[in-house]
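Structure assessment
One letter stands for each residue in the lines below.
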Amino acid sequence: MKKEETKKLYKEPNKSETETTINVLYNEKILSIYTNKVDLQRSLNKAIGKATKEYIKGKSIIGSVWEIPLSEKSKITKIILKANIFEM
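Notes on the structure in this doc start here. What you see is a predicted model; the values in this text were computed from it and never measured.

The rules we used
- Residues numbered from 1 in each chain as written.
- Predicted model: local features only at pLDDT ≥ 70, side-chain atom pairs only at ≥ 80, totals over all residues.
- Heavy atoms only, no water.
- Salt bridge = Lys/Arg side-chain N within 4 Å of Asp/Glu carboxyl O.
- Buried < 20%, exposed > 50% of the residue type's maximum accessible area, 1.4 Å probe, protein only.
- Helix = DSSP H or I, 4+ residues; strand = E, 2+ residues; numbered from the N terminus.
- Contact = heavy atoms within 4.5 Å.
- Core = buried A, V, L, I, M, F, W, Y, C linked by side-chain atoms within 4.5 Å.
- Pairing = 2+ DSSP bridges.

Thoughts on the pattern of salt bridges
- All told, the structure shown has 1 salt bridge when counted by the stated rule.
- For the salt bridge of Glu72 with Lys75, the shortest nitrogen-to-oxygen distance reads 3.5 Å.
- By relative accessible area, Glu72 is classed as partly exposed at 30%.

So, in structure tokens, the structure goes:
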């Protein structure tokens, strides 16, 4: 019997508080992406999988972080091509 996945609930931030931060941590060899933009969180979940960390308030996800090793070039390519992280 398969365990059913629960649908993730995201809380939309105020437009003035929407942010996405992309950091290259050279010493740790990690690409770190933080966003509280709902569309981008869903897109990244679909393209590269579950977030490394999710910030939760109540029952809603208010932000997510993905930490991708720089050696995983195929994942980084998926982020750029499929997740549309540069959408304004």
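After that view, the rundown keeps rolling.
Observations regarding the side chain of Asn45
- Here Asn45 is to be found in helix H1 (residues 38-48).
- Given the relative accessible area of 18%, Asn45 is considered buried.
- Apart from the residues lying within four places of it in its own chain, the contact partners of Asn45 are Lys8, Tyr10, Lys50, Ala51 and Trp66.

Observations concerning the side chain of Ser32
- As for its placement among the helices and strands, Ser32 is situated in strand S2 (residues 30-35).
- For Ser32, a relative accessible area of 11% corresponds to the buried category.

Some points on the nonpolar core
- Within the largest apolar cluster, 13 residues are counted, with the highest numbers of intra-cluster contacts made by Ile33, Leu44, Ile48, Trp66, Ile68, Ile79 and Ile85.
- Elements that contribute at least two residues to this core include exactly S2, H1, strand S4 (60-69) and helix H2 (73-82).
- With 4 residues, H1 is the single largest residue contributor to this core.
- Setting aside anything within four residues of it in sequence, one finds Ile85 in contact with Ile22, Leu40, Leu44 and Ile79.

So, the pairing of S4
- With 7 of its 10 residues buried, S4 lies for the most part within the structure.
- Linkage of strand S3 (residues 53-57) to S4, two consecutive antiparallel strands, is achieved through a turn of 2 residues, within which Gly58 is found at a positive phi near 65 degrees.

So, to be careful, I would describe these as geometric facts and stop short of saying anything about function.
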